[in-house]
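# Summary of the model geometry
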Amino acid sequence: MVQLSKYLPIVNWSRTYRGSYFWNDLVAGSTLAAIAIPQCMAYASLAYLPQERGLYSAIIASVVFLVFGSNPSMSVGPFAVVSLMIGNAALSNAFWLEGLIPPLVTSMDDDIWLLHPYLLPLTDLMTLMVGCLIAILLITKVGQYLKVLLPNELISGFTAAAAFSILTSQVKGILKLKLNPISGSCVLLKSWREISSKLLDTHMPSLAISLSTAAIIIILGKVEYYGTKLGSTDGIHPEQSILKLPKTLIAMVFMTVISAVFNLHQTFDIDVIGIIPTNIPDIHNPIKLLIELPSAIRHTLIAKVSFDIMAITLVLYVTNLSIIQTFPSLEGNPSEQTPLLTPERDATLIDFDQDDNRSEEDEEMMKRDSSDVEFHELLSLSLSNILCSCFSGYVCCGSLSRSALLGNQTQAKTTMANFICSLLIVITICLLTSFIYHVPIPTLSMVIVFAIKNTAMKVMEFFRLLKIYHIERKETALENVLIWTVTFLGVIILDPSVGILVGMSFCLLWRSFSICGTE
């Protein structure tokens with residue numbers, strides 16, 4: 001049993017699970033579902049996939065995480081940056097394949113996955129490869145060495161630039177512009193040029209729906225802000241108030257009702273999600289495309305895809321590691337779960353970090369616990385991605401925004417909260433498909449904009465690093481500025497997959513030259 005609990009954390013926490021914990025997990029899971037449903041549907045469109053694939057991914061990942069995950073504050077499923085990266089990579093390789101082997105069946109439909117028949121098989125293949133690569137990192141423990149080449153400045157520069165890429169991709173849905181898919185280098189710059197040339201073709205009803213969605217979210221945010229100030233228990237920390245509104249869900253439901261009542265799709269030509277399959281997705285072979293390709297093309301495709309897979313896995317690994325460090329797990333004892341980032345919790349952490357009398361046994365225990373948590377989360381993500389490749393999902397990752405919701409605003413006790421979220425998504429798919437049909441695409445695009453806006457603000461990190469360098473004039477401060485800048489520009493000018501590798505290469509070269517210069 002001890003050996004089993006090492007690999008299955010559910011065995012540990014299920015022994016001490018109480019009825020009172022279920023209420024906490026139920027509230028946390030319901031709150032999470034209110035955010036996850038619109039986000040997962042919207043993120044699937046980032047990857048050029050049908051919206052239901054985002055929901056399938058969240059369901060599969062949450063069920064796997066229930067058994068193998070150990071951090072109740074971690075939410076798994078589609079993630080904006082990873083969705084953008086796999087979407088761009090799959091589309092680029094689909095273009096390449098179509099140039100060599102024209103598809104036998106084509107469609108005049110506007111859906112990009114129907115216009116490019118190789119897109120979905122490539123997404124399945126890449127999702128499988130990501131899952132297998134995570135497993136390799138887990139077995140070989142190579143991830144421990146990657147941390148040296150992934151400083152915080154590199155991650156900050158990458159996420160800020162990726163956020164701009166995501167925001168740019170949503171202009172098409174907000175304005176309903178007819179933009180051509182772009183592949184290759186300088187994708188973002190080419191997209192900006194094409195958008196600027198077609199601004200006069202803006203579909204005004206779609207813009208009105210987008211602005212209305214934004215207005216609802218902003219108004220609800222103001223209501224929540226003033227409600228938390230009035231409901232604060234100590235007058236100092238309003239975040240402790242119980243008033244937490246699912247703003248994006250409320251906005252999406254309201255605009256969907258308007259869309260259905262006034263039949264906006266027919267009346268004003270507003271794009272809507274359309275029909276979502278209610279049946280359980282059939283199992284399929286994710287390597288079927290490779291088997292059917294000629295040998296020479298197969299080997300070339302694997303080589304082309306491998307580069308993107310490494311970059312996607314790096315981002316997934318870093319995101320996962322960031323969540324683990326921000327929201328540490330108190331594995332094995334749900335009763336010890338406390339809200340993160342409270343003043344008392346912060347004080348405890350600070351005192352512990354400043355304790356010079358810590359024993360070697362304490363330090364070794366902390367390292368071992370952190371390593372165990374990282375093992376469980378990576379194992380969960382590896383299995384989730386492998387299963388998603390077989391059941392019409394796509395790449396899963398820990399979500400920073402949804403994990404912050406679980407870690408800071410709820411009292412989730414165990415990973416049961418993720419499972420409850422998956423059950424609510426299943427209920428939504430089975431019972432509310434006629435309602436989901438009328439969800440406006442401009443509303444989904446605006447949901448993504450609000451979900452990613454805080455990440456885009458990480459561009460201010462550059463000015464903070466620059467200020468530190470001007471004050472200190474130290475080589476380490478200059479290194480931080482250059483790493484951030486090179487990574488940011490690499491993603492903007494080249495591609496997210498290439499940009500993170502450019503940043504890692506620059507970091508390695510800079511530190512190598514610094515060591516040689518010192519010696």
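Since the model is a prediction, treat every value here as computed from it, not as a measurement. (Residues numbered from 1 in each chain as written. Predicted model: local features only at pLDDT ≥ 70, side-chain atom pairs only at ≥ 80, totals over all residues. Heavy atoms only, no water.)

This paragraph deals with the environment of Val-257. Assignment of secondary structure puts Val-257 in helix 13 (residues 247-261). Judged by relative accessible area, Val-257 falls into the partly exposed class, the value being 36%. The spatial distance from the C-alpha of Val-257 to the C-alpha of Val-439 is 8.3 Å, given a sequence separation of 182 residues. (Helix = DSSP H or I, 4+ residues; strand = E, 2+ residues; numbered from the N terminus. Buried < 20%, exposed > 50% of the residue type's maximum accessible area, 1.4 Å probe, protein only.)

Packing of helix 3 (residues 19-46) against helix 13 brings their axes to within 8 Å, and their N-to-C directions diverge by 60°. Taken together, the axes of helix 3 and helix 13 are oblique relative to one another. Viewed along their axes, helix 3 and helix 13 form a crossing whose handedness is left-handed. For the pair formed by helix 3 and helix 13, the contact residues are Ala-34, Ile-35 and Pro-38 on the first element and Thr-248, Leu-249 and Met-252 on the second. Along the lines of polarity and charge, the residues of the contact of helix 3 with helix 13 split into five nonpolar, one polar and no charged. (Axes fitted to C-alpha atoms, helices over the stretch in contact; angles between N-to-C directions. Parallel < 35°, antiparallel > 145°, perpendicular 65-115°, else oblique. Left-handed = near helix turned anticlockwise from the far one by under 90°. Contact = heavy atoms within 4.5 Å. Nonpolar A, V, L, I, M, F, W, Y, C, P; charged D, E, K, R; others polar.)

Turning our eyes to something else, we now look at the side chain of Ser-156. Tracing the chain through its elements places Ser-156 in helix 9 (residues 152-169). Judged by its relative accessible area of 10%, Ser-156 is buried. Setting aside chain neighbours within four positions, we find Ser-156 in contact with Lys-458, Glu-461 and Trp-484.

Among the residues of helix 11 (residues 187-197), those classed as buried are Val-187, Leu-188, Ser-191, Glu-194 and Ile-195. Taken around the axis of helix 11, the buried residues stretch over an arc of 125°, which confines them to a single face. Seen from the buried face of helix 11, the exposed residues on the opposite side, beyond 90 degrees, are Arg-193 and Ser-197. Buried residues in helix 11 make contact with helix 9, helix 10 (171-175) and helix 24 (475-493). (Arc of directions from axis to C-beta.)

Model confidence for the chain is summarised by a mean pLDDT of 79, while 80% of its residues fall at 70 or above. Low confidence marks residues 238-242, where pLDDT is under 50. Its contacts with residues over four positions away, or in another chain, come to 11 contacts. (pLDDT = per-residue confidence, 0-100.)

It is worth spelling out helix 23 (residues 460-472) at this point. Residue pairs three or four apart in sequence face the same way in an α-helix, which turns once every 3.6 residues. Compared with the 18 Å implied by 1.5 Å per residue over 13 residues, the 19 Å span of helix 23 between its first and last C-alpha is a close match. In the segment just after helix 23, Arg-473 is the residue with positive phi, at about 55°. (Expected span 1.5 Å × (residues − 1).)

It is at 7 Å that the axes of helix 3 and helix 20 (residues 416-431) come closest, and there the two elements cross at 50°. Considered as vectors, helix 3 and helix 20 are oriented oblique to each other. When you trace helix 3 past helix 20, the crossing you get is right-handed. Facing Phe-22, Asp-25, Leu-26, Ala-28, Gly-29, Ser-30, Leu-32, Ala-33, Ala-36 and Ile-37 of helix 3, the residues of helix 20 in contact are Met-416, Ala-417, Asn-418, Ile-420, Cys-421, Leu-424, Ile-425 and Thr-428. By residue class, the composition of the contact of helix 3 with helix 20 is 13 nonpolar, four polar and one charged.

Let us now look at the pattern of salt bridges. Counting across every chain of the model gives six salt bridges. Among the ionic pairs, Asp-124 bridges to Arg-53, the shortest N-O distance being 3.0 Å. Taken as a pair, Asp-124 in helix 7 (residues 119-140) and Arg-53 in helix 4 (residues 51-68) lie far apart in primary sequence, 71 residues in all. By relative accessible area, Arg-53 is classed as buried at 8%. The residue Glu-224 makes a salt bridge to Lys-247 at a minimum N-O spacing of 3.2 Å. Here Glu-224, found in helix 12 (residues 204-231), pairs with Lys-247, found in helix 13; they are 23 residues apart in sequence, far enough to count as distant. Take Glu-224: its relative accessible area is 15%, and that puts it in the buried class. Lys-247 sits in the partly exposed class, given a relative accessible area of 23%. Salt bridges here are not isolated pairs; linked through shared partners, they connect Lys-176, Asp-269 and Asp-271. (Salt bridge = Lys/Arg side-chain N within 4 Å of Asp/Glu carboxyl O.)

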